[in-house]
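Examining the three-dimensional arrangement
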Amino acid sequence: MSRLVDYFVIVGFDHEKERGGLSNGVILQRFPETNWDDAPFHDGIEWFCQPQGWALSTERSEPRFYVSVLTDVDANRHYCACLCFNETVAITPTKPADEDEESLDSSRPVPNITHHSIMYAPKCLVIVSRQDYIDTFRNCLGIIYTVWVENLGVPLETLVGNLVGCVLVPPAGGPQVRFSIGAGDRQALQPPAAPPMPVTHTAVHMLLRLLGIHNSVTLWCAVMSEHKVLLVSLAAARLAAACRALAALMFPFRYAHVYIPLLPAGLAEVLATPTPFLIGVHSSLKEEVSELLDVIVADLDVGSLHIPAGVNIPRPEGKLLSSLQEALALVLQPELRSADSAFAPPPPSASPPHMLDKEIRAVFMRTLAKLLQGYRHCLTIIRIHPSPVLTFHKAGFLGARGLSQCPFALRLLDSMFFNGLVAERGPPWRPTDIWDELVQNLPEQLRLESINPEAEIQHIQDLAMQLHLNENPNPQAYQQRVLRPPEGASARIHQPPLPPLDARRVRDVVDELRARHAPAKLSALRLPAPRIIPPGAPPTGAADQSQLLLTNSARRLEVLRACIAAIFESRYADARKSFPAVLRALRAPAARAALVRDLAARLPTNKHLLHHHQFDLIVRLINCALQSASALDEHSIAAAVLPLATAYCRKLCTGVIQYAYMCIQEHAVWTSQQFWEAAFYQDVQRDIKALYLPSPAHHPRVPSPREDEEYISLLKAQEPSALEIAAEQMRLWPSLPQEKQRELIASEESTLYSQAIHYANRMVYLLLPLEGAGRRADVRGDDMDRASNSITNSVAESDSADAESGFEEADPGEAGNNVIKMVSRFVDKVCTEGGVTAEHVRCLHQMIPGVVHMHLETLDAVARESRRLPPVQKPRIVSPALVCGESIAAPALRALLTADGRAAPLLPAEGALFLTNYRVIFKGTPLDPFACEQSVVRAFPLCALTREKAVRPPAAAHAHLDHALAEGLQLRAATFQLIKVALDEEVAGEQAEAFRKALARLRHPPHALLHFALAPRHAPPPALAAPKHHTLKGFAKKTLLKTARRAGLKPKPSKRQKYVLPSADARSLTSPPLMSSLSADTLSLEELELGATEGAEPPAARTLERVRERVYARDWARCGLAAPPFRLAHANAVYTLCRSYPAVVAVPEGISDESLRRAARCYRQNRIPVLTWRHPRTRALLARSAAPHHKGVIGMLKSSHQNPGATPSGTETTSSLEQERFLSALVACTPARRGELEDSSLSLDSLLLCCDDAPHAAHAHATPLLSKAAGTLGVLGRNSGGKGSNSSTAGAGRHFGRWGSLKDRRQASHLELYAPKQPFSSADLDSVTGEAGGARRAALYVVTEKGAAAAGAGAGVEALPVEYPDARATKHAFKKLLRAAAPSAPVPAPAAAAAAEEPGFLTLVEESGWLWQIRQLFQLSGTVVDLLDIQGSSVLISLEDGWDVTAQISSLAQLCLEPYYRTLDGFRILVEKEWLALGHKFQQRCNIAATPQQGFTPTFLMFLDAVHQVQKQFPLAFEFNEYYLRFVAYHSVSCRFRTFLFDSEAQRAELGLASDERRPDVSRLGVETGSGGACGACGACGGAGEEEARGAGAGAGLALFDYIERLHQRAPLFYNLLYAPDLDNPVLRPVSALPALEVWQYYVCEELAHGAPYEPELPPELPPEPEREPRTPRRVVTAGYDSISRCMPDAFSGLLERLRQLELELGHLPQKWRVRWDQLELPNTLELQRNASMCSGVVRRLSAAAHRRGTLDVLVRGRLAARAPGGGGAGAAAGAAGAAHRWAAAAGAAPARCDACAELLWTPLEAGVRCVDCGAAVHERCAEHQPLPCTKYKAPPPPDRDRDHLAVSASVATLQSSSQQYYEQFSSNVAENRTHEGHLYKRGALLKGWKQRWFVLDSIKHQLRYYDAMEDSHCKGFIDLAEVLTVSPAAAAPGPPKKCDDRSFFDLRTSRRTYNFCASDANAAQEWIEKLQACLQ
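Our subject in this report is the structure included herewith. Keep in mind that what you see is a predicted model, and the values were worked out from it rather than measured. (Residues numbered from 1 in each chain as written. Predicted model: local features only at pLDDT ≥ 70, side-chain atom pairs only at ≥ 80, totals over all residues. Heavy atoms only, no water.)

Right, let's get into the overall build of the chain. Regarding its fold elements, the chain presents 63 helices and 48 strands. Looking at the chain as a whole, 51% of its 1977 residues qualify as buried. Long-range pairs, those at least 24 residues apart, make up 73% of the contacts in the chain with a sequence separation of at least 6. With the model as given, the accessible surface of the chain reaches about 91900 Å², and the carbon-plus-sulfur share is 54%. (Helix = DSSP H or I, 4+ residues; strand = E, 2+ residues; numbered from the N terminus. Buried < 20%, exposed > 50% of the residue type's maximum accessible area, 1.4 Å probe, protein only. Contact = heavy atoms within 4.5 Å. Areas by Shrake-Rupley, 256 points an atom, 1.4 Å probe, with all protein chains shown as cover.)

Below, the discussion takes up the pairing of strand 23 (residues 888-897). Both strand 23 and strand 24 (residues 909-916) contribute to a ladder of 7 bridges, which runs antiparallel. By the bridge assignment, Leu896 is partnered in strand 24 with Glu910. (Pairing = 2+ DSSP bridges.)

A few words on the packing of aromatic side chains. All told, the structure shown has 59 aromatic pairs when counted by the stated rule. Considering the side-chain rings of Phe680 and Tyr759, the 5.6 Å spacing of their centres and the 90° angle between planes classify their relative orientation as edge-to-face. Of the two residues, Phe680 sits in helix 22 (residues 673-692) while Tyr759 sits in helix 25 (residues 738-767), which places them 79 residues apart along the sequence. The side chain of Arg30 reaches across the aromatic face of Phe41, ending 4.6 Å from its centre. Against the face of Tyr1906 rests Lys1882, its NZ or CZ located 5.5 Å from the ring centre. (Phe/Tyr/Trp six-rings, centres within 6.5 Å; stacked < 30°, edge-to-face > 60°. Lys NZ or Arg CZ within 6 Å of the ring centre and 35° of its normal.)

Strand order in the open sheet made by the 7 strands is 45-44-43-42-48-47-46, with antiparallel pairing throughout. In this open sheet, the two strands that pair with only one neighbour each are strand 45 (1917-1920) and strand 46 (1924-1929). Strand-to-strand twist of the sheet, defined as the mean angle between neighbouring strand axes without regard to direction, takes the value 35°. Two elements, strand 46 and strand 47 (residues 1945-1950), share 5 bridges in a ladder whose sense is antiparallel. Its bridge partner being in strand 47, Ser1928 is matched across the sheet by Asp1947. Of the strands in this sheet, strand 42 (1876-1883), strand 43 (1890-1898), strand 44 (1903-1907), strand 46 and strand 47 touch helix 63 (residues 1962-1976), which is tilted by about 155° from strand 46. (Axes fitted to C-alpha atoms, helices over the stretch in contact; angles between N-to-C directions.)

Let's shift gears to the side chain of His1175. With respect to the helices, strands and loops of the structure, His1175 is situated in the loop between strand 32 (1170-1174) and strand 33 (1181-1185). Given a relative accessible area of 5%, His1175 falls into the buried group.

In this section: the packing of helix 44 (residues 1367-1381) against helix 46 (residues 1401-1408). Direction vectors running N to C along helix 44 and helix 46 enclose 170°, while the axes themselves pass 8 Å from each other. Looking at the two axes, helix 44 sits roughly antiparallel to helix 46. Of the residues in helix 46, those touching helix 44 at Ala1373, Lys1376, Leu1377, Ala1380 and Ala1381 are Phe1401, Leu1404, Val1405, Glu1407 and Ser1408. Per-class residue counts for the contact of helix 44 with helix 46 are 7 nonpolar, 1 polar and 2 charged. (Parallel < 35°, antiparallel > 145°, perpendicular 65-115°, else oblique. Nonpolar A, V, L, I, M, F, W, Y, C, P; charged D, E, K, R; others polar.)

Looking now at the sheet that holds strand 41 (residues 1817-1818). Pairing in this open sheet of 3 strands is antiparallel, and the strands run 39-40-41 from one edge to the other. Both edges of this open sheet fall to strand 39 (1783-1785) and strand 41, since each of them pairs with a single strand only. Bridge analysis of strand 39 against strand 40 (residues 1809-1811) gives 3 bridges, and the strand direction is antiparallel. Paired with Ala1785 across the two strands is Val1809, which belongs to strand 40.

Let's shift gears to the nonpolar core. One finds Phe8, Val126, Leu231, Phe253, Trp435, Trp670 and Trp676 to be the most contacted residues of the largest nonpolar core, which totals 256 residues. Top contributing element to this core by residue count: helix 5 (residues 203-224), with 14 residues. Leu1223, Phe1496, Phe1542 and Leu1648 belong to the second-largest nonpolar core, a separate cluster that totals 177 residues. (Core = buried A, V, L, I, M, F, W, Y, C linked by side-chain atoms within 4.5 Å.)

Let's shift gears to a nonpolar patch on the surface. A cluster of nonpolar side chains, contributed by Leu1516, Leu1618 and Phe1692, occupies part of the molecular surface with about 260 Å² of accessible area. Turning to its location among the elements, Phe1692 is positioned in helix 58 (residues 1691-1705). (Patch = residues over 30% accessible without salt bridge, like charges linked within 9 Å, V, L, I, M, F, W, Y side chains within 5 Å. Salt bridge = Lys/Arg side-chain N within 4 Å of Asp/Glu carboxyl O.)

Another aspect to go through is helix 4 (residues 156-165). Judged by how many residues are buried, helix 4 sits mostly within the fold: 9 of 10 residues are covered. Turning to helix 4, its buried residues are Leu156, Glu157, Leu159, Val160, Gly161, Asn162, Leu163, Val164 and Gly165. Buried-residue contacts for helix 4 involve strand 1 (2-3), strand 2 (7-13), strand 3 (25-31), strand 6 (118-129), helix 3 (134-150) and helix 14 (503-516).

Attention now moves to the pattern of salt bridges. Considering all chains together, one arrives at 66 salt bridges under this definition. Residues Arg504 and Asp508 are paired through a salt bridge, measuring 3.4 Å at the closest nitrogen-oxygen approach. Remark: Asp508 and Arg504 occur in helix 14; sequence separation between them is 4 residues, near one turn of the helix. Arg504 gets classed as partly exposed once you look at its relative accessible area, which sits at 48%. Asp508 gets classed as partly exposed once you look at its relative accessible area, which sits at 37%. A salt bridge links Glu1458 to Arg1118; its shortest N-O distance comes to 2.4 Å. Placement of the pair is Glu1458 in the loop between helix 48 (1445-1457) and helix 49 (1464-1477) and Arg1118 in helix 34 (residues 1111-1118), with a sequence separation of 340 residues. Residue classification places Glu1458 among the buried residues on the basis of a relative accessible area of 11%.

A few words now on unusual backbone geometry. For residues that are not glycine, phi is negative in most cases, and the peptide bond is trans in most cases. Residue Pro32 is reached from Phe31 by a cis peptide bond, and omega for that bond is -5°. The amide bond that connects His385 to the next residue, Pro386, takes the cis arrangement and shows omega of 0°. Within the secondary structure layout, Pro386 lies in the loop between strand 15 (379-383) and strand 16 (389-392). Even without being a glycine, Glu226 presents a positive backbone phi close to 60°. Checked against the element boundaries, Glu226 lands in the loop between helix 5 and strand 10 (228-233).

Within the element layout of this structure, Arg1759 appears in helix 61 (residues 1734-1763). For Arg1759, a relative accessible area of 2% gives the class buried. As a C-alpha pair, Arg1759 and Pro1361 span 398 residues in sequence and 7.2 Å in three-dimensional space.

Next up, the structure:
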């Protein structure tokens, strides 16, 4: 029996503090006045009596009742029931009301209360109790208040004394108590039936009614997961009831954190506590708590729930949460069950609120029971006596239930609530309650509910009834009598105050009652008897939660057992075969459990010695099992491995034994303190259980994993569980004598101590690293320097381990100290919980350092002996197949080829890395035993290597090997191959470094002759320091020639034969001795003749004839460029004119060799324009050259360096005139100059009017630029030199077109000397015939760079500035493309990439820009095609140095124009002419020079890719196939052939490699003669070597195209069997839109069976059919491994091979395939005739229209760029960028085409952007790359025709408007607005330095604008000239720019500030001052 009331307190208003400005309460009286021994009084109770604060009131209020809860230090709750009422007080002000209160604290706000004469002060009657009887407290306080108010005559002292001393309450389960406090009342108390069950009445129902189901469940999850929860309401009763409800819904858990149902306002800072809480506050504080960032706020009045953004509330898993919400919905809304019934039954009767309350609680209890199902099976008992100590195996429970990924379960198990549940309900011997019965019966209930869902409601109602009976165990109702004051009693005016109580009388009453009730009748109580708690059903659910793809069938477990049996029976081959299946099966928990169980069953003793192979395999299995498990060890695999790791061992030598535990160190589970504690408690429970079992035979020696249900059921059938034994011992404990009790306590403590010692050793074994433990700072980690096999990852236990070894003095190192600390923490934790004595704990701490030192002592012996063991047997290294002449250059490195980003099959593979003089090769076998018979080869030419770097081997590589790996090596090649290997442990660092050095040496040999293609030739002799001139005569002649040339004298004209040179041995001009003695800048041909040695033999007369027989010369002759009006010039016969040009070039006949030499000075690298092709129909010419020199600083320095004494009218003028003469000659040779073409409609007008040809195409592809082409061209075509007065009169005036002379305009022009004799009309020469409405047609278009100087041209020539992919852009694009096509890391799947926001393969290809550059090449080459074919104009490609993009455009244009170049022979001639003869920097671009270059620039590869794109679009137009292009692309960088080794013909000639003779016809024989070499199948190398030996000498190397021709004669490897040229439409016009371009298979294809498929002789030939072994016809062909074309040939190739086999079977000599192919009978010619259908015609016309439209775009862009004005020096006309677009989002409209890429623009999600000025529409991604400038800002229309045109300046193109109405049409960057412009240095304001900017003086807008650069279109700022006051010269300012004149400074003073400027010199400054002053006037 216990007291109902501990204290009765009267709390009143503190009037003394109120006078000081503070409002507070004060305890007036309390009874009893002294504290109880078992319940001390709590100070500060007055804070909770008035939660909103103490204050006087002017109005009387009704009495209020509320309950506050206080919590003491022992977590016991004390209930404070308060009855608050008001008393009348008289206030007498001591000072005037308006006088300031100086004593008040200014920092504390004081309520503004107006004091009246009568005020009302609060007073509270408080009951403090430890009992939760709220209604009884309300009744008792009401009786006392009624007696006082009604003055019933009963002394208040009697009532208080009876209340404090009379009423005693029995504990839970006791009988009903009836009492009276002496006022004539009758009251009853009914304790609940079970002690831990909470009493809620209707609080839970009220919570769900206020918040709803969703918010209530969310709030419950927040409380269960230990979040901060704050309840807000206006009613204190709601706050108390809600807190009570939330605490009750947690049952069987108890809320253990801060619990304050009603928080006073003065204690609001408690809400900032970092610990979880459940607090209720009044709504008046809602605003103050709204800023809390981690508090969940529930408003009970509104029904809202506010969860901060940073708070994540875990919820139960989906099925459990949904069942909870559905059950609550059925309880609160019973009509849901029949809502959809066709014949609705009568509505069910609603349950009363108190029953609904219990049903809701029943639903939550069942939810927690489902979540904790089987939790008692995971209770671990570690002590029974004197009191039970239990722990919970959390990891085992999570693994058995499959809740490892459930955050709600994880938070719940880690909470303080769960620890309290284990401590309270863990003991197996105790009284049971409703929860225990629910856990026991729930599995059966769930089974019945699965059969009948209606049973769920019945089970909930049954549980609710039990809860109701627990609150109301006595069904008999007792009629209570409780006094209550009448209505209005509190409003009485003359109510006297509550009188003070007589403390003595109260004390006397209490003492009397205590003496009377001293012998409490406790014997009448019926306490529940303790019993054994049933464990219930075991935890299940892991199978339902498992997401493994593999099933654990009996077959898999059988394979596992068979593998283990094979290991122990020494059948290692069988074990290794089944290893892959076993490793896959070990991903499942059941298989891992079976593994450890089988290994445990095979332990004969505590130590089992194994053979080395057995030990390695067992360790690998254990490692795989641990690797598949997590660090939590949910399935107790690691705990079961612990005894196995200390039992299995092998003997290294005498006295040194290696155990398995150090071979399994590299797992995170060993560093988990939670794992060690759980494993320790499991073993302690096993020992405790064995201690109390009647026989030790029941004790299992090795534990089994807990999830093995079969083993657990067998164990339960044989012996009782540990909890049952503990329950029995607890039952017997009171009856045992004390001696027996002390003995049992000591035994249990000794068991704990011994296990602690054992586990301390185990932890040291598994945590202490091997070989230099002091190196590792952390307990575990990856030690890359450690030896990598399983032998060295071990530690030994010596037989003399217990001997004294002096380890006390040794330093354990940092890792050893960390192990000591971790083990010490573990010992402290487990010993404290287990009750181990302090003495034993101290002994453990002393023992741990000794164990660590002893273990360190034995590690050295293990490391030493492990190195002496033989290495693990590894596969034999198989040498790779080599090509003819290839040899091994470095020792092979054993390595593992790991998987990279490509989806390559059969990887990883184990083998070796080879380095030959030609390739880098990896050859090996797959690690997969099922594919070990296959071979994996990945190779690439070493000259294609782009990057080599060391990498770290992936972690996955170690799991597949029996040994470890040392380091990794990654080699990336330009052939799109990636070799990523991990070197074996046996490869020393020195070997790897030597391999890298050899690779670098062979990658860049010191001389070109040392490449593999020229390898047979001896190494060139080292360069000796020979004297510059061997004789005195030579030195004198050299000096005289140099002096004469510096003086400006010209050499004497030679009368000898220029091109037949004498030589000593009648060798050709290209012999190495002659070339070594020539200099490109010293001697002319005449001087060479004079300098010839005496006694020379007659010249070789056939030298020039041999030069003319070269391939390119014959092709020029075929095109008609060797006959008049053209000729083959020999000015470069000895390569003195241009080093990179061939010996002969095609030029117009009227251009002499001397003119060529003079014109060469105007071009970069002296690469003059040369003719390369002539259109067979239009006779238009295609020429190419380098870009002309700019007249900038570099050009001036170059000209001054070459001619230091020349005047402007000297050599420079002559060179420019020769340049103009050359271009005029090209114009004269073009029939289109006068409209001489037969088809006069083929002109640029047809391009402008192409929309009329194809109206449908115009609608689909029309762009704003094209729609305005006529008007725009009419404006932009105006030249800067002015226009004649009458454009219709021929010869009225001469015009120089777009190009002008480089000389000064003030001098007389000599252009008329070289002008053609035929008259030209000005309409043909003008840029645009504006009056006629058409566009001009130039005879010659010069494709040049944007911003290039327009010089050296004459009439009929137009510059066409274009944008093109330069070498730098190509290099960057190729680098990105290479990474995308051959990634080093695996590329995620599209779904995974989207989730991880990583780009996929196609995205990376698009971002590389490679296809965009090919598109640009298509557009430029298409423009050349249209100009040559449609318009008939000649084209001169003059870009960069003339050997990169020039060769690309020229080659593509010829390929599209002439079908001959689309044949095998024609394509060879095209490459040899455009790339080999005319020069290309292969050495630099392919990075094969002796000096390594930065990056790889595959210009030739881009050309081949473009050809591939054309071939894909026109598959019938090419004689060669796609494999031919891939073959050429591969060997263009392989250096196997000499073709692409050198940059020019001159370099080949110097080495004697230039081929002059005709190629021999190898196709004359019609039969196969076999192989003459040793190369293998094709025999191409042997034959080639013999011919080269006859021709150019041994070691001259093999040409690629000769090799291809020989292969072509043997088999149709390169032939397109579908080749059918369309002679009616010979010109190809490919589509350049990006959707039409494909990613070349050359970039992504791979064949691992034999390596790259570009070495045809490498795969061995198959034996003849009779010799083959019989094989099944079925063959598996794997993409990426096998060659699909070889394994599955096409029908034609198969038939040809079948014919060859039949001829061999008949004994005939097989005929060549081409003979058979030509013998095929063709069908009737009429059947093969092409019948053009309407569809094909429409497609062809649309394609041609789109192609011409693209040409027009290029022309318009070029003219816009050419007309864009520029600033700079006098006479220069550099182009500047046009106006920039102003993009805006385009509204949804009809589908259109992008103006930039021609792709479809409109989509449902993207409409693109549109320029608000010109209307151009593009994609968002194309907006930043849009090359066309905005066309909004154009010049106004020209004035009347009859008026004379105004003359304009030639230096600055200025066009002023005659009307002010066009003012707004001008932009800030058009030439018409630029009065003056140039660079100026501007000084910043206030401590800022000088900065150079581009300034533009605009006299129209009256502004001085400045830009960051000349090309910028948007100004940085401007100065309004209206504000300028003065412009004057200024003195030199401090910190001026370098090399500035003191007179170059001037100031511009405005009304705001003064601007300081600095020009380049004094003249420029004076010019700026004059221009500014002129604008100001």
